[in-house]
Amino acid sequence: MRFKDHPAEQGEVTRIAPAVAYDGDLYHLPDWITRRGEERELGRAHAEGGHLDTLTLETGSVPRFHELEDERLAELSRIEDATEREIQQDRAAFESQKIKLAESQRHFAEARRTLDETQRRVTELEQPSRRPGDGRPSSIALSGSRWPAVRRWLPAALLLLLLVIVEVPILYQVILSWGDSVEMTALIATGAALIMLVAPHMYGRAYRTWQENGSPARGRWLLIAVALVWVGLIVAVAVLRRDALVKPLVVDGQNIGPTAEGVSQLPTMILLLALLVATALIAADLGRRMHNPNDRRLRELRAKRDQERRAFVEAQSEYQRDAGFAESIGQHLQAADRRRASRVRQVDNGFESLATAYLGGVVEGLGDPEAASWAERILVRRRAARSRT
């Protein structure tokens, strides 16, 4: 995988700095500010206590310098030891991070492959249906807009509503004739609603599913059998309603005559059958149009794609973090020699500043201008000696 410093396109990985850079330093420099203060106080104390005087400075011999040199050599030895241990530590950490990086890279590749496959399926499915059974979702599922559905289904829905309004007086007469109690009335009304609307609607949904997904021969015969049973139920309900409308109606013991007075049984039967068949066919057709199983497939695939996209982004971020951290370890390992040289240089300069601070304290303690002159000469000779080495 190539890493890029500019913004990445989708599916690409950019090199990013790790949230926490690798810190494998085992050696830390002394606190030179505190040490210089201590050396200055020590030099002042030695001068005031008689350990050093101007004559000693004239000879160029400063015993404290030998002690500081021993400390410097010990500090250089600590630098060498710490640097070697850092190299070994960095190598172990780099190998461990390479294993982790390979794992995160594998997760990232799997997440991208899964997302690409789901996106391909979504793209293939995002084509509007032209006819039942073409395996395509409806335009409503694609656009999310309900207005096309309203324009398509509104005429049939209004016609169904009109038929239901016509059915209400007929249903009222049937209930008035049979429903001698509240429970009986509710039972008849519920059954009629199920027969007229809900059952045909569910049948239309099942039929659309069969159109889209296909069905074995047993399933097709089942649909035909249900349709035949449904026709029988329609005829039975029509007969019951015809009897309720044609036969004389008795209310409170008085015969008030039939509701459909002056109309024979055959036209009444034909009208009732037409109403029931039309209501059933419209309800079934609405169910068939409204229930496209491919709409659900599209919603599920889109939800799956969104979830996989979030997982892909997380895997990509993890891969970037691991790659950045591995690069940070590698840089720390490659900089071992530079780090060693920098530490040695800082230690040399630091101990030189300690010697200078010590002499400054001695001069302050002696309070002799001549001592300051000899101290300056000592420092010049030390700098010359360092430049030669």
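Please read all numbers here as calculations on a predicted model, not as lab measurements. (Residues numbered from 1 in each chain as written. Predicted model: local features only at pLDDT ≥ 70, side-chain atom pairs only at ≥ 80, totals over all residues. Heavy atoms only, no water.)

1. Digging into the overall build of the chain
So, step 1. Tallying secondary structure elements over the chain gives 11 helices and 2 strands in all.
So, step 2. Mapped in sequence order, the helices and strands of the chain form the string α-α-α-α-α-α-α-β-β-α-α-α-α.
So, step 3. Burial status across the chain gives 34% buried among its 389 residues.
So, step 4. For the chain, restricting intrachain contacts to residue pairs at least 6 apart in sequence, the fraction spanning at least 24 positions comes to 81%.
So, step 5. Surface accessibility of the chain: about 23,400 Å² in total, with carbon and sulfur atoms responsible for 58%. (Helix = DSSP H or I, 4+ residues; strand = E, 2+ residues; numbered from the N terminus. Buried < 20%, exposed > 50% of the residue type's maximum accessible area, 1.4 Å probe, protein only. Contact = heavy atoms within 4.5 Å. Areas by Shrake-Rupley, 256 points an atom, 1.4 Å probe, with all protein chains shown as cover.)

2. Concerning the nonpolar core
So, step 1. Judged by nonpolar contacts, the single largest core of 23 residues is most densely connected at Leu57, Val62, Phe65 and Leu359.
So, step 2. Residue contributions to this core peak at 8 residues, all from helix 10 (residues 336–366).
So, step 3. Ignoring any residue separated from it by four or fewer positions in sequence, one finds Leu359 in contact with Leu57, Val62, Phe65, Ala375, Ile378 and Leu379. (Core = buried A, V, L, I, M, F, W, Y, C linked by side-chain atoms within 4.5 Å.)

3. Notes on the side chain of His332
So, step 1. With respect to the element layout, His332 can be found in helix 9 (residues 293–334).
So, step 2. The residues contacting His332, other than those within four sequence positions of it, are Tyr22, Gly24, Asp25, Glu86, Asp90 and Arg339.

4. Re a nonpolar patch on the surface
So, step 1. Together, Trp221, Ile224 and Leu228 make up an exposed nonpolar region whose accessible area comes to about 380 Å².
So, step 2. Relative to the elements of secondary structure, Ile224 occurs in helix 7 (residues 217–246). (Patch = residues over 30% accessible without salt bridge, like charges linked within 9 Å, V, L, I, M, F, W, Y side chains within 5 Å. Salt bridge = Lys/Arg side-chain N within 4 Å of Asp/Glu carboxyl O.)

5. A look at the packing of aromatic side chains
So, step 1. Inspection of the entire model under this criterion finds 4 aromatic pairs.
So, step 2. Judged by centre distance (5.5 Å) and plane angle (80°), the ring pair of Trp32 and Phe351 falls under edge-to-face. With Trp32 in helix 1 (residues 32–48) and Phe351 in helix 10, the pair connects residues that are 319 residues apart, well separated along the chain.
So, step 3. Trp32 sits in the buried class, given a relative accessible area of 13%.
So, step 4. Grouping aromatic residues by their ring pairs yields a cluster made of Phe108, Phe312 and Tyr319. (Phe/Tyr/Trp six-rings, centres within 6.5 Å; stacked < 30°, edge-to-face > 60°.)

6. Focus: the pattern of salt bridges
So, step 1. Counted by the stated rule, this structure contains 27 salt bridges.
So, step 2. A salt bridge links Arg85 to Asp81; the nearest nitrogen and oxygen atoms lie 3.1 Å apart. One end of the pair is Arg85 and the other is Asp81, both in helix 3 (residues 63–125) and 4 residues apart, which spans about a single turn.
So, step 3. One connected set of salt bridges, linked through shared partners, spans Arg35, Glu38, Glu39, Arg64, Glu67 and Glu71.

7. Some remarks on the side chain of Arg339
So, step 1. Inspection of the secondary structure assignment puts Arg339 in helix 10.
So, step 2. If near-sequence neighbours (up to four positions away) are discounted, Arg339 is found in contact with Asp25, Glu86, Asp90 and His332.

8. Remarks on the environment of Gly360
So, step 1. With respect to the helices and strands, Gly360 occurs in helix 10.
So, step 2. Classification of Gly360 by relative accessible area gives buried; the value is 18%.

9. A closer look at the environment of Ala206
So, step 1. Along the chain, Ala206 falls in helix 6 (residues 182–213).
So, step 2. As for Ala206 and Pro293, which are separated by 87 residues in sequence, their C-alpha atoms are 9.8 Å apart.

10. A word on the packing of helix 1 against helix 3
So, step 1. Contact geometry of helix 1 with helix 3 gives a least axis separation of 13 Å together with a crossing angle of 155°. Relative to helix 3, helix 1 is oriented roughly antiparallel. Note on packing geometry: the crossing formed by helix 1 with helix 3 is right-handed. Contacts between helix 1 and helix 3 involve Arg35, Glu39 and Leu42 from the former and Arg64, Leu68 and Glu71 from the latter.
So, step 2. Residues that form the contact of helix 1 with helix 3 fall into these classes: 2 nonpolar, no polar and 4 charged. (Axes fitted to C-alpha atoms, helices over the stretch in contact; angles between N-to-C directions. Parallel < 35°, antiparallel > 145°, perpendicular 65-115°, else oblique. Left-handed = near helix turned anticlockwise from the far one by under 90°. Nonpolar A, V, L, I, M, F, W, Y, C, P; charged D, E, K, R; others polar.)

11. Brief notes about the packing of helix 1 against helix 10
So, step 1. Running from amino to carboxyl end, helix 1 crosses helix 10 at an angle of 35°, the nearest separation of the two axes being 7 Å. Seen along the crossing, helix 1 lies across helix 10 with a hand that is right-handed.
So, step 2. Taken together, the residues of the contact of helix 1 with helix 10 break down into 10 nonpolar, 8 polar and 7 charged.

12. Thoughts on the confidence of the model for the chain
Regions with low pLDDT should not have their predicted coordinates read in detail.
So, step 1. Per-residue confidence for the chain gives a mean pLDDT of 75, with 65% of residues at or over 70.
So, step 2. Across the chain, the secondary-structure element scoring lowest on mean pLDDT is strand 1 (residues 250–251), at 48, and the one scoring highest is helix 3, at 92.
So, step 3. This model gives residues 1–8 a pLDDT under 50, and the stretch forms 19 contacts once residues within four places in sequence are excluded.
So, step 4. Counting contacts from residues 254–260, a segment whose pLDDT is below 50, to residues more than four positions away or on other chains yields 19 contacts. (pLDDT = per-residue confidence, 0-100.)

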